[in-house]
Amino acid sequence: MLNLVLFGPPGAGKGTQSQSLIEKYQLVHLSTGDILRSEIANGTELGLEAKKLMDQGLLVPDEVVIGMISNKLDANKDAKGFIFDGFPRTVAQAEALDMLLKSKGTAISGMIALEVNDEELQKRLLLRGKDSGRADDADPEIIKRRIKEYNDKTAPVAGFYKDQDKFYSINGIGNIESIFESICEVIAKF
Ligand code: AMP
């Protein structure tokens with residue numbers, strides 16, 4: 001199985017690259033942000049609770065997202081592999097993911113990090129906010145808080161995969177196709 005963690009700060013291009021990757025490798029795309037937004041759209045209790053945090057640019061609790069991922073893994077038993085996009089975002093989530101995959105007889109193949117500087121991220125997110133309708137993309141203060149959450153809680157997840165020799169880093173600035181090619185070159189090494 002090919003189980004890829006696509007990593008990087010908000011606005012790094014994880015969603016865009018995931019679209020091309022799922023087609024090429026026929027993987028199931030698991031974006032916790034997308035799953036949470038669909039819970040909000042459906043007006044579920046989980047969605048309403050999560051929205052309060054998401055609108056402030058804060059992470060939702062680990063047990064909530066771990067539960068969502070566990071359900072999705074169970075619902076996709078015949079998958080060729082998964083792209084985890086926006087998950088794991090804390091070391092506790094990474095540990096839980098390892099255990100979930102182990103219980104299914106598989107493991108993470110590798111983490112690919114898209115490197116983009118803070119200034120470029122701010123620009124991209126504000127631009128996305130103009131037509132995505134995402135409240136958390138439209139306000140510079142909320143964007144700053146999301147980047148801070150990333151630096152405080154999510155960046156350490158890279159170390160978790162470095163310790164397992166599964167960490168690969170790629171320049172996330174440039175044209176979308178050449179970034180995609182760089183990702184495919186890394187996948188070829190798994
Ligand atoms: P994203 O679409 O990945 O940018 O996620 C949007 C928002 O959803 C984040 O700012 C968090 O509030 C929440 N979220 C998404 N994934 C996670 C996660 N793995 N852990 C905690 N919160 C998350």
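Structure first, text after, so check above.
Residues numbered from 1 in each chain as written. Predicted model: local features only at pLDDT ≥ 70, side-chain atom pairs only at ≥ 80, totals over all residues. Heavy atoms only, no water.

Caption draft 1: Representation of the pattern of salt bridges within the structure. In this structure the tally under the stated criterion is 14 salt bridges. The salt bridge partner of glutamate 141 is lysine 144, with a shortest N-O separation of 3.8 Å. Of this pair, glutamate 141 and lysine 144 both sit in helix H8 (residues 140-154), three residues apart, roughly one helical turn. Residue classification places lysine 144 among the partly exposed positions, given a relative accessible area of 46%. One continuous salt-bridge network, built from bridges that share partners, spans Arg128, Arg134, Asp136, Asp137 and Arg146. (Salt bridge = Lys/Arg side-chain N within 4 Å of Asp/Glu carboxyl O. Helix = DSSP H or I, 4+ residues; strand = E, 2+ residues; numbered from the N terminus. Buried < 20%, exposed > 50% of the residue type's maximum accessible area, 1.4 Å probe, protein only.)

Caption draft 2: Summary view of the site of the ligand. Taken together, 16 residues form the shell around the ligand, and within it Thr32, Arg37, Leu58, Gly86 and Arg89 come nearest. Measuring from an oxygen atom of the ligand, one finds a side-chain N or O atom of arginine 37 at 2.9 Å. Measuring from an oxygen atom of the ligand, one finds a side-chain N or O atom of arginine 89 at 3.0 Å. Starting from 480 Å² of accessible surface for the ligand in isolation, the protein chains cover 96%. Applying the majority rule of atoms within 2 Å of the grid points places the ligand in the largest pocket. Per element, the largest residue contribution to the shell around the ligand is four residues, and it comes from helix H2 (residues 32-41). Residues that form the shell around the ligand fall into these classes: seven nonpolar, four polar and five charged. (Near = heavy atom within 4 Å. Polar contact = N/O pair within 3.5 Å; in protein donor to acceptor, adjacent residues only side chain to side chain. Areas by Shrake-Rupley, 256 points an atom, 1.4 Å probe, with all protein chains shown as cover. 1 Å grid on protein atoms, 1.4 Å probe; cavity = no way out; pocket = protein on both sides within 12 Å on 5 of 7 lines; lining within 4 Å. Sits in = over half its atoms within 2 Å of the grid points. Nonpolar A, V, L, I, M, F, W, Y, C, P; charged D, E, K, R; others polar.)

Caption draft 3: Fine view of H8. Relative to the 21 Å expected for 15 residues at 1.5 Å per residue, H8 spans 20 Å between its end C-alpha atoms, a close match to the ideal helical length. Considered for burial, the residues of H8 that qualify are Ile142, Ile143, Arg146, Ile147, Glu149, Tyr150 and Thr154. The buried residues of H8 occupy one face: seen down the axis, they fall within an arc of 155°. Buried residues in H8 make contact with strand S1 (2-7), helix H6 (118-132), helix H7 (135-138) and helix H9 (156-162). (Expected span 1.5 Å × (residues − 1). Arc of directions from axis to C-beta. Contact = heavy atoms within 4.5 Å.)

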